Amino acid sequence: MAEIEILPDSGTLAERASGILIETAASAIAARGRCTIALSGGSTPEAMYRLLAVPQRASQVNWSRTLLFVGDERVVPTGDPRSNFGLVQRTLLDGISVPSANLFPVPIHADAAESARAYEEILRQAFEGAAIPEFDLILLGLGDDGHTASLFPGMPTLHVTDRWLVATPPGVLPPPVDRVTFTFPVINAARRVVFLVGGEKKADTVRDVLAGGYSVDERPSVGVRPEHGELIWLLDRGASSKLPAR
Ligand code: 6PG
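Residues numbered from 1 in each chain as written. Predicted model: local features only at pLDDT ≥ 70, side-chain atom pairs only at ≥ 80, totals over all residues. Heavy atoms only, no water.

Draft legend 1. Geometry of the pattern of salt bridges. By the definition in use, this model includes 17 salt bridges. Residue arginine 192 pairs with glutamate 23 through a salt bridge whose shortest N-O separation is 2.9 Å. Placement of arginine 192 in strand E8 (residues 192-197) and of glutamate 23 in helix H1 (residues 10-32) is noted, with a sequence separation of 169 residues between them. The residue glutamate 120 makes a salt bridge to arginine 163 at a minimum N-O spacing of 3.2 Å. A residue pair is termed long-range when its members are at least 10 positions apart, and glutamate 120 in helix H5 (residues 112-126) and arginine 163 in the loop between strand E5 (137-140) and strand E6 (165-168) qualify at 43 residues. With relative accessibility at 27%, the residue arginine 163 sits in the partly exposed group. (Salt bridge = Lys/Arg side-chain N within 4 Å of Asp/Glu carboxyl O. Helix = DSSP H or I, 4+ residues; strand = E, 2+ residues; numbered from the N terminus. Buried < 20%, exposed > 50% of the residue type's maximum accessible area, 1.4 Å probe, protein only.)

What follows is the structure, encoded as structure tokens:
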């Protein structure tokens, strides 16, 4: 069952998300000595990354034991403004001190499929011997068309079960560059998955995904169903405005 939290605005949404990351890092490191996090791209998490870089918050995370990945990436160089890892670099990493060995950007190759293979290999080394990686936290966004990570409506990538990472052409939303994305088996093996969704323009899609009745091909985010982990939807008032009254 998904847990749904409705926050008054984008600021409190970012605060709550950063609080979840801080709490997840502390409990994972206490339990297993490290915390593995897959961050997301898009515009919504930016405020959260900036908050986490503020010394008072940054000091609450043991970054030397926290490993940072991205759940999907646009196949462009990290310095390109469209890069998801580049966003994380500018808004979070430039303001804090994380050992470079703890940073796992997607290797960029001319061929997106090659980038996907290379990132899968990096994950296999980071999660040595695992049949499937169990991330402590995967952060996700929700696209207007119901996509999450770079799992787009109607694509064969939605049904891949034998790969951790796949390449995909862009969906209908900008920017029009090839992507590399976690597959559903990786997302659904996580210990905690958090959707971060803000703004009234997402309200119809949030309702479609949470109310049910849509297939994964129609609204890919319905495929996010952690097998043993927790699923949390953090919504602001706008994004939650079309949900049935609770
Ligand atoms: C990306 C994403 C994508 C994003 C959603 C929501 O690379 O674009 O990872 O899945 O999270 O499109 O994006 P916004 O937060 O910008 O609405």
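Draft legend 2. Expanded view of the site of the ligand. Ser43, Thr44, Asp72, Ala149 and Lys202 are the nearest of the 15 residues found near the ligand. Here an oxygen atom of the ligand sits 2.4 Å away from a polar atom, N or O, in the side chain of lysine 202. When grouped by side-chain class, the residues that make up the shell around the ligand number two nonpolar, nine polar and four charged. (Near = heavy atom within 4 Å. Polar contact = N/O pair within 3.5 Å; in protein donor to acceptor, adjacent residues only side chain to side chain. Nonpolar A, V, L, I, M, F, W, Y, C, P; charged D, E, K, R; others polar.)

Draft legend 3. Seen up close, the nonpolar core. Phe69, Phe135 and Phe182 are the most contacted members of the largest nonpolar core, which totals 77 residues. A per-element tally of this core places H1 first, with nine residues. (Core = buried A, V, L, I, M, F, W, Y, C linked by side-chain atoms within 4.5 Å.)

Draft legend 4. Seen up close, the side chain of aspartate 236. With respect to the helices, strands and loops of the structure, aspartate 236 is situated in strand E9 (residues 230-236). Salt bridges are absent for the buried aspartate 236, whose nearest opposite-charge side chain, arginine 237, sits at 8.4 Å. (Lys, Arg positive; Asp, Glu negative; His and termini not counted.)

Draft legend 5. Fine view of the side chain of aspartate 145. Tracing the sequence through the fold places aspartate 145 in the loop between E5 and E6. Arginine 219 provides the closest opposite charge to the buried, salt-bridge-free aspartate 145, at an N-O distance of 8.1 Å.

Draft legend 6. Broad picture of the sheet that holds strand E1 (residues 2-7). The sheet built from six strands is open, its strands ordered E1-E9-E8-E5-E2-E3 with parallel pairing. Each edge of the open sheet is held by one strand with a lone partner, namely E1 and strand E3 (66-70). Shown here is a sheet whose adjacent strand axes are inclined to one another by a mean of 20°, direction ignored. Each of E1, E8 and E9 touches helix H7 (residues 203-211); the most contacted strand, E9, lies at about 155° to it. (Pairing = 2+ DSSP bridges. Axes fitted to C-alpha atoms, helices over the stretch in contact; angles between N-to-C directions. Contact = heavy atoms within 4.5 Å.)

Draft legend 7. Molecular detail of the sheet that holds strand E7 (residues 179-182). As summarised here, the arrangement of the three strands in space is E4-E7-E6, forming an open sheet in which the pairing is antiparallel. Of all strands in the sheet, those with a lone pairing partner are strand E4 (72-74) and E6, marking the two edges. Across the sheet, the mean angle from the axis of one strand to that of its neighbour is 15°, orientation sign disregarded. Here four bridges tie E6 to E7, and the two strands are oriented antiparallel to one another. Each residue of the ladder has a partner; that of leucine 165, found in E7, is phenylalanine 182. In this fold H5 packs onto E6 and E7, with an angle of close to 165° to the strand it touches most, E6.

Note that all results are geometric; they support no functional claim without further evidence.
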